[in-house]
Amino acid sequence: IMATGKKRKVDAECRAFQEKWTNDYFFVEVKGKPVCLVCGDALAVMKKANLERHYSSKHAKLNALQGQMRLDKVNSLRRSLDAQLAVFTRPHSDRENVIHTSFVVNIETTLNDTAKKFIFFSLACDETTDLTNTAQLAIFVRGITAEFETTLQAMHGTTEGEDLFEQVVLAMNKFELPFKKLSGLATDGAPAMLGPQKGLTALVKKEMSRLRLDPSDLVVCHCIIHQESLCAHSLKLHSVMTTVVSTINFIKSRGLNSRQFKELLSDLESEYGDLVYHCEVRWLSRADMLARFYNLREEVKQFMEIKGKPVVELSDDKWLCDLAFMVDITKHLSELNVKLQGPNQLLSSLLSNVKSFEAKLKLWQFQLEQGNIAHFPTLQEQKPAMTDEYAGECAKLLQAFEERFQDMKSKQNELKIFAAPFNVEPSDVPDNLQHEIIELQSNDELKAKYNNLPLLEFYKLYVCCEDFPILRRHALKFASLFGTTYCCEQFFSKLTLAKTRFRSRLTDPNLENQLRVASSSLPSDIRLRCNPNRNE
């Protein structure tokens, strides 16, 4: 039974955000809540003491920044937060984009004209099922000039590899994309995509062989973000996840419990207003859930005891150490995940981030074996007696990464030629590239340009066909590759906006046209045509 008595209404106290708190504690106001610019946490109560406690306990190192340096840091973090908040307003924009397509003619002609200019292109393919149980296949095309166009093929019935292959061929033919220019294929790793006999990848390679093309030239990539998520499942501290998830479900899946828990947090003036659910589909939810649960562990313990469902693990020092380790390691994984997201990432950059994380895992494993927990701040709070078990968890995670990314490492030398042409040994590159690599590395002016320009700008402006024809063609191929199916996941989000229960009878051709325009980066005058106040 919850404690009775008159509840103090925090919202009724009319606490206003003060601008000086931004510089003093790195907080801004977002929708009536104080939000930390450093870690993104939103506090439940607009109170100076709460902001100061959060800042002092988590970000005290920022005290070293004073004057203009502190102001610059605040402005930089504010820009980052604005970019993150834009993600949450995007569904509204996406919905507008879908509606706008009702007023314009399809942009297929523009796409066809642009596709004819491709020297190489790659495909990113993923499939899902919409609310009418219709299988939908998303095919993204990235040409060398930019990643710019999508096409959606509606599939009714099965999603076996043969069906996927047929849809891919239809899409390629529709936009006059020949197999001889196909450089790579990125998928979600499902059996229908990667099956050795009838998977999409196998059938594409068979078609290339039939056309007397070398299938080994095709760079096949299992979505790197998906693989990173699968690697995270190698963590074996199941007792932590089981207890945390079951406790959160008890609190949040029952309306009364959820309301009472929020009231308790308000009464205790907690920094946080609620717990966070975990969803396997969402990439970052596990780290957020564990961090919030850890920060509210005392409040959760108190609430569960009030409800007659005590969580004994919250009184177990060893379990709390395990929880703290999981908070830290999932935070590290989430930071990697964020680096892997984005629609325009080069495959070489994605794999560099993975390689960097593997090096960190080796470091953490060694340090934890020595009892050094410098890179695990939450674990430091619990002062563990032994850390060998956590070193073992890092070792298992490292092994998972090495095994899952083994296939892509076979392309490592080719990727290095593309991404770091000044750092390869000429004797290690293919014979037909050796002279060009020597010429490139001997040119100090080109090396200076390489060091001061984005990679693609360097190739576009300074690696010309006349002097470096083979190297430029090599760069064009590897610049066209997908490393993830991130764009497909974004595309399916638009699908849920376009085909709702109110528009479930939307025909496949209309759905395809709407989503193509909503997802395309090709220019159009949609906004102008949809503006009722435009000048006729």
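Being a predicted model, the structure only gives us computed values, none of them experimental.

Thresholds, definitions, all that
- Residues numbered from 1 in each chain as written.
- Predicted model: local features only at pLDDT ≥ 70, side-chain atom pairs only at ≥ 80, totals over all residues.
- Heavy atoms only, no water.
- Helix = DSSP H or I, 4+ residues; strand = E, 2+ residues; numbered from the N terminus.
- Buried < 20%, exposed > 50% of the residue type's maximum accessible area, 1.4 Å probe, protein only.
- Contact = heavy atoms within 4.5 Å.
- Areas by Shrake-Rupley, 256 points an atom, 1.4 Å probe, with all protein chains shown as cover.
- Disulfide = S-S within 2.5 Å.
- 1 Å grid on protein atoms, 1.4 Å probe; cavity = no way out; pocket = protein on both sides within 12 Å on 5 of 7 lines; lining within 4 Å.
- Points joined across faces, edges and corners; volume = space filled by probe spheres on them.
- Nonpolar A, V, L, I, M, F, W, Y, C, P; charged D, E, K, R; others polar.
- Core = buried A, V, L, I, M, F, W, Y, C linked by side-chain atoms within 4.5 Å.
- Pairing = 2+ DSSP bridges.
- Axes fitted to C-alpha atoms, helices over the stretch in contact; angles between N-to-C directions.
- Left-handed = near helix turned anticlockwise from the far one by under 90°.
- Parallel < 35°, antiparallel > 145°, perpendicular 65-115°, else oblique.
- Salt bridge = Lys/Arg side-chain N within 4 Å of Asp/Glu carboxyl O.
- Phe/Tyr/Trp six-rings, centres within 6.5 Å; stacked < 30°, edge-to-face > 60°.
- Lys NZ or Arg CZ within 6 Å of the ring centre and 35° of its normal.

Assigned secondary structure in the protein consists of 25 helices and seven strands. Among the 536 residues that make up the protein, the fraction classed as buried is 47%. Counting only contacts in the protein whose residues sit at least 6 apart along the sequence, the fraction spanning at least 24 positions is 68%. Put simply, the protein shows about 27600 Å² of open surface, and 51% of that area lies on carbon and sulfur atoms.

As a further point, take the state of the cysteines. On inspection of all chains with the given rule, the structure shows zero disulfides. We note that Cys465 lacks a disulfide partner, and the nearest cysteine sulfur, in Cys464, lies 7.2 Å from it.

Here the focus is empty space enclosed by the protein. Picture a little ball the size of a water molecule; that probe, rolled over the atoms, points out where space is still empty. Inspection of every chain in the model, using the stated rule, returns one cavity of 30 Å³ or more. Put simply, the largest cavity is a space of about 50 Å³. In this structure, the largest cavity is lined by eleven residues; those nearest its centre are Arg142, Gly342, Pro343, Phe482 and Thr484. When grouped by side-chain class, the residues that make up the lining of the largest cavity number five nonpolar, four polar and two charged.

Of all hydrophobic cores here, the largest spans 93 residues; its most connected members are Leu323 and Phe401. With near-sequence residues (within four places) excluded, Phe401 lies in contact with Glu228, Cys231, Leu333, Leu336, Val354, Phe357, Glu358 and Leu361. Within the second largest apolar cluster, 26 residues are counted, among which are Phe118, Leu164, Leu177 and Met208.

Before going further, it helps to spend a moment on the pairing of strand β2 (residues 33-36). Remark: a regular strand shows side chains that alternate across the two faces of the sheet. Relative to β2, strand β1 (residues 27-30) runs antiparallel, the two being bridged by four bridges. Of the residues in β2, the one forming a bridge with Phe27 is Cys36. The turn linking β1 back onto β2 is made up of two residues, and Lys31 within it adopts a positive phi angle of 50°.

Right, let's talk about the packing of helix α8 (residues 224-232) against helix α16 (residues 388-404) for a bit. Where α8 contacts α16, the two axes come as close as 9 Å, and the packing angle between them is 145°. Along this stretch, α8 crosses α16, giving a crossing that reads as right-handed. Contacts from Gln227, Glu228, Leu230, Cys231 and Ala232 in α8 reach Leu397, Ala400, Phe401 and Arg404 in α16. Here the residues of the contact of α8 with α16 are counted per class, giving six nonpolar, one polar and two charged.

A few words on the packing of α8 against helix α13 (residues 317-340). The geometry of α8 relative to α13 is characterised by a closest axis approach of 10 Å and an angle of 170° between their N-to-C directions. What the angle tells us is that α8 and α13 run roughly antiparallel. Counting all contacts with α8, which are made through Ile224, Ile225, Glu228 and Ala232, the residues of α13 involved are Leu333, Leu336, Asn337 and Leu340. Class assignment of the residues belonging to the contact of α8 with α13 gives a composition of six nonpolar, one polar and one charged.

As enumerated under the stated definition, the model contains seven salt bridges in all. Lys58 is the partner of Asp41 in a salt bridge, and the nearest nitrogen-oxygen pair spans 3.5 Å. Within this pair, whereas Asp41 is found in the loop between β2 and α2 (48-58), its partner Lys58 is found in helix α2, the two being separated by 17 residues in sequence. For Asp41, a relative accessible area of 17% gives the class buried. Lys58 sits in the partly exposed class, given a relative accessible area of 34%.

This next bit is on the packing of aromatic side chains. For the structure shown, the criterion picks out 14 aromatic pairs. Here the aromatic rings of Phe401 and Phe405 are separated by 5.9 Å at their centres, their planes lie at 20°, and the arrangement is stacked. Here Phe401 falls in the buried class, since its relative accessible area comes to 0%. You can call Phe405 buried: its relative accessible area is 2%. Within the aromatic cluster, the residues linked to one another by ring pairs are Phe325, Phe357, Trp364, Phe376, Tyr390, Phe401 and Phe405. Stacked on the ring of Tyr294, the Lys or Arg Arg297 has its end atom at 4.0 Å from the ring centre.

With that out of the way, let us pick up unusual backbone geometry. Positive phi, close to 50°, is recorded for Lys31, a residue that is not glycine. Locating Lys31 in the fold gives a position in the loop between β1 and β2. Look at Arg212: it is not a glycine, yet its phi comes out positive at around 60°. Mapped onto the elements, Arg212 comes out in the loop between α7 (200-210) and β7 (219-222).

Before going further, it helps to spend a moment on α8. Burial runs high along α8: seven of the nine residues are buried. Three or more residues of α8 are buried, namely Ile224, Ile225, Gln227, Glu228, Ser229, Cys231 and Ala232.

On their own, these measurements won't tell you what the molecule is for.
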